[in-house]
Amino acid sequence: MSKKPYRVAVIGGDGIGPEVTQAALDVVRAAGVQVETTDYELGAARYLKDGFVLDDKTLEELRGYDAIMLGAIGPAIGDTRIPGGVLERGLLLRMRFGLDLYINYRPFRGVPGSIAQGCEFAIVRENTEGPYAGEGGVLRHGTPFEIATQGSVNTRHGVERCVRYAFERANRLSRKKLTLVHKTNVLTFAGELWSRVVREVGAEYPDVEVDYNHVDAACIYLVENPSRYGIIVTDNLFGDILSDLAGAVSGGIGFAASANLDPTKKSASIFEPVHGAAHDIAGKNLANPLAAVSSAILMLEHLGESDAASRITKVVQAFNGDVASLGTSGITKQLIGEL
Ligand code: IPM
Ligand code: MN
């Protein structure tokens, strides 16, 4: 049993979000960890109901929890009532930036039958800067002379804290390898900063082998030879794209977990599956809860509940049931039964 009930904010969100989050909570509790949850109704459905996305008061409340579990946010495909960016920038990125969750940690483990079968690696994605920062704007909108710019912001502070976190992770692996992924041959300003920081911080980690791949080459390697990777460290946009590819080669995005972390623990970190809301299968007991459960494992590790985390990890890794026929509740029951 864990010492205290953890205070967890739950943003189930849209589509399959609430059901996979509930499954993950059931597994966490079955592992003996006490959690006291508070639900926050945020996401597409909430926006469509009353126009609310997120305000300062709610953000400050969220900051104070021990952790935040998030299901999935987004409208159904083809539903055009919410302009692009309203929820992405207004809710997801606002939480990441506002809580300064500067690491997006995404571990992958190739399931049997997948391209990356037998491989384990992780992406450490910078989570507050890059092209996501919101730099830029539009001039002469709608005219033939329209100009749209969207700059990539890379600060010494932001790059260094991300690279440092990645080296810490790599240093704890049995195979201590870190690969910087960038496009230094074209994005020379940002690329030089990232390379230099990796060189400088790397000098403090003499046991970690350091490698570099251009992002386009990394896409080939992830498909042809994923075993070359230990920790991949990269910027916000490259990390977004690479983690979808990494999910696909590891057995599908249905298994991919992620943690939006404030490693300093000043604010609550957010734990969410990489997959989306999948409205087409919502409420039908068809959603695979393994990505949400794996995200909850990352939450337990962050909270220092390493015993529960490793017990759940064991049953998730040993799970070989048929996802489609067991369904959400069947998978959850089986995991709990084996704990
Ligand atoms: C992700 C998602 C988000 C991102 C979107 C929904 C803003 O794709 O978590 O990977 O781009 O980071
Ligand atoms: Mn993404």
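Look up a bit, the structure's there.
Since this is a predicted model, take the numbers as computed values, not measurements. (Residues numbered from 1 in each chain as written. Chains lettered and ligands numbered in written order. Predicted model: local features only at pLDDT ≥ 70, side-chain atom pairs only at ≥ 80, totals over all residues. Heavy atoms only, no water.)

Asker: Outline the overall build of the chain, supporting the account with residue identities and numerical values.
Answerer: Across its full length, the chain carries 11 helices and 12 strands. Computed over C-alpha atoms, the radius of gyration of the chain comes to 20 Å, within 12% of the 20 Å expected from 2.2 N^0.38 for 339 residues, which places it in the range of a compact globule. In terms of overall dimensions, the chain has C-alpha extents of about 55 × 50 × 40 Å along its principal axes. Relative to its 339 residues, the chain shows a buried fraction of 50%. Across the chain, the fraction of contacts at a sequence separation of at least 24, relative to all contacts at a separation of at least 6, is 74%. Total accessible area on the chain stands at roughly 15000 Å², and carbon and sulfur atoms take up 54% of it. Here the chain contributes 34 positive and 41 negative side-chain charges, whose respective centroids are spaced 3 Å apart. (Helix = DSSP H or I, 4+ residues; strand = E, 2+ residues; numbered from the N terminus. Rg over C-alpha atoms; globule rule 2.2 N^0.38 Å. Buried < 20%, exposed > 50% of the residue type's maximum accessible area, 1.4 Å probe, protein only. Contact = heavy atoms within 4.5 Å. Areas by Shrake-Rupley, 256 points an atom, 1.4 Å probe, with all protein chains shown as cover. Lys, Arg positive; Asp, Glu negative; His and termini not counted. Charge placed at Lys NZ, Arg CZ, Asp CG, Glu CD.)

Asker: Account for helix α9 (residues 290-303), with residues named and values stated.
Answerer: The terminal C-alpha atoms of α9, which comprises 14 residues, lie 20 Å apart, in line with the 20 Å expected from a rise of 1.5 Å per residue. In the stretch just after α9, G304 is the one whose phi turns positive, near 90 degrees. (Expected span 1.5 Å × (residues − 1).)

Asker: Can you lay out the packing of helix α3 (residues 56-63) against helix α4 (residues 86-98) for me, pointing to particular residues and giving the numbers?
Answerer: Where α3 meets α4, the closest approach of the two axes is 11 Å, and the angle between their N-to-C directions is 55 degrees. Between α3 and α4, the angle is such that the two are oblique. With respect to the hand of their crossing, α3 and α4 are arranged in right-handed fashion. Seen from α3, the contacting residues are D56, L59, L62 and R63; seen from α4, they are R94, M95 and G98. Split into classes, the residues belonging to the contact of α3 with α4 amount to 3 nonpolar, 1 polar and 3 charged. (Axes fitted to C-alpha atoms, helices over the stretch in contact; angles between N-to-C directions. Parallel < 35°, antiparallel > 145°, perpendicular 65-115°, else oblique. Left-handed = near helix turned anticlockwise from the far one by under 90°. Nonpolar A, V, L, I, M, F, W, Y, C, P; charged D, E, K, R; others polar.)

Asker: Can you tell me about the site of ligand 1, naming the residues and giving the values?
Answerer: All residues adjacent to ligand 1 are E88, L92, R96, R106, R125, Y132 and D240. Separating an oxygen atom of ligand 1 from a side-chain N or O atom of R106 is a distance of 2.8 Å. One nitrogen or oxygen atom from the side chain of Y132 is found 2.6 Å from an oxygen atom belonging to ligand 1. For ligand 1, whose unbound accessible area comes to 320 Å², protein coverage reaches 74%. Looking at which element gives the most residues to the shell around ligand 1, the answer is α4, with 3 residues. In terms of residue class, the shell around ligand 1 is built from 2 nonpolar, no polar and 5 charged. (Near = heavy atom within 4 Å. Polar contact = N/O pair within 3.5 Å; in protein donor to acceptor, adjacent residues only side chain to side chain.)

Asker: Go over the state of the cysteines, please, and point to the residues and values.
Answerer: Enumeration according to the criterion identifies 0 disulfides in this entry. There is no disulfide at C119, and the cysteine sulfur nearest it, in C219, is 16 Å away. Exposure remark for C119: the relative accessible area of 10% places this residue in the buried category. C162 carries a free sulfur, and the closest cysteine sulfur to it, the one in C219, is 18 Å from it. According to the relative accessible area criterion, C162 is buried, its value standing at 0%. (Disulfide = S-S within 2.5 Å.)

Asker: Go over the layout of surface pockets, please, and point to the residues and values.
Answerer: Its volume calculated, the largest pocket comes out at about 990 Å³. Residue lining of the largest pocket: 35 residues in total, with P107, F108, R109, E120 and Q317 positioned closest to the centre. Taken together, the elements giving at least two residues each to the lining of the largest pocket come down to β4 (103-109), β5 (120-126), α9 and α10 (306-318). Among the elements that take part in the lining of the largest pocket, α9 stands out by supplying 5 residues, more than any other. In terms of residue class, the lining of the largest pocket is made up of 19 nonpolar, 10 polar and 6 charged. The calculated volume of the second largest pocket comes to roughly 480 Å³. Going through the elements one at a time, β3 (67-72), α4, α8 (236-249) and β12 (270-273) are the ones with two or more residues in the lining of the second largest pocket. Looking at the lining of the second largest pocket element by element, the count peaks at 5 residues for α4. Residue composition of the lining of the second largest pocket, grouped by class: 10 nonpolar, 4 polar and 7 charged. (1 Å grid on protein atoms, 1.4 Å probe; cavity = no way out; pocket = protein on both sides within 12 Å on 5 of 7 lines; lining within 4 Å. Points joined across faces, edges and corners; volume = space filled by probe spheres on them.)

Asker: Break down helix α6 (residues 188-202) for me, citing the residues and quoting the values.
Answerer: Its 15 residues place the ends of α6 20 Å apart at the C-alpha level, agreeing with the 21 Å of an ideal helix rising 1.5 Å per residue. Here α6 has its buried residues at A190, G191, L193, W194, V197, V198, V201 and G202. Along the long axis of α6, the arc covered by the buried residues comes to 160 degrees, so they all point the same way. Looking at α6, the residues exposed on the side facing more than 90 degrees away from the buried face are F189 and R199. Considering only its buried residues, α6 is in contact with β5, α5 (156-171), β8 (177-182), β9 (209-214) and β10 (231-234). (Arc of directions from axis to C-beta.)

Asker: Help me get a handle on the pairing of strand β11 (residues 257-261), residues and values and all.
Answerer: With 5 of 5 residues buried, β11 lies mostly within the body of the structure. What you see with β11 is no split at all: A257, A259 and L261 on one side and S258 and N260 on the other are buried throughout. Examined bridge by bridge, β11 and β12 share 4 bridges and lie antiparallel to one another. Residue pairing across strands places S258 opposite E272, the latter belonging to β12. (Pairing = 2+ DSSP bridges.)

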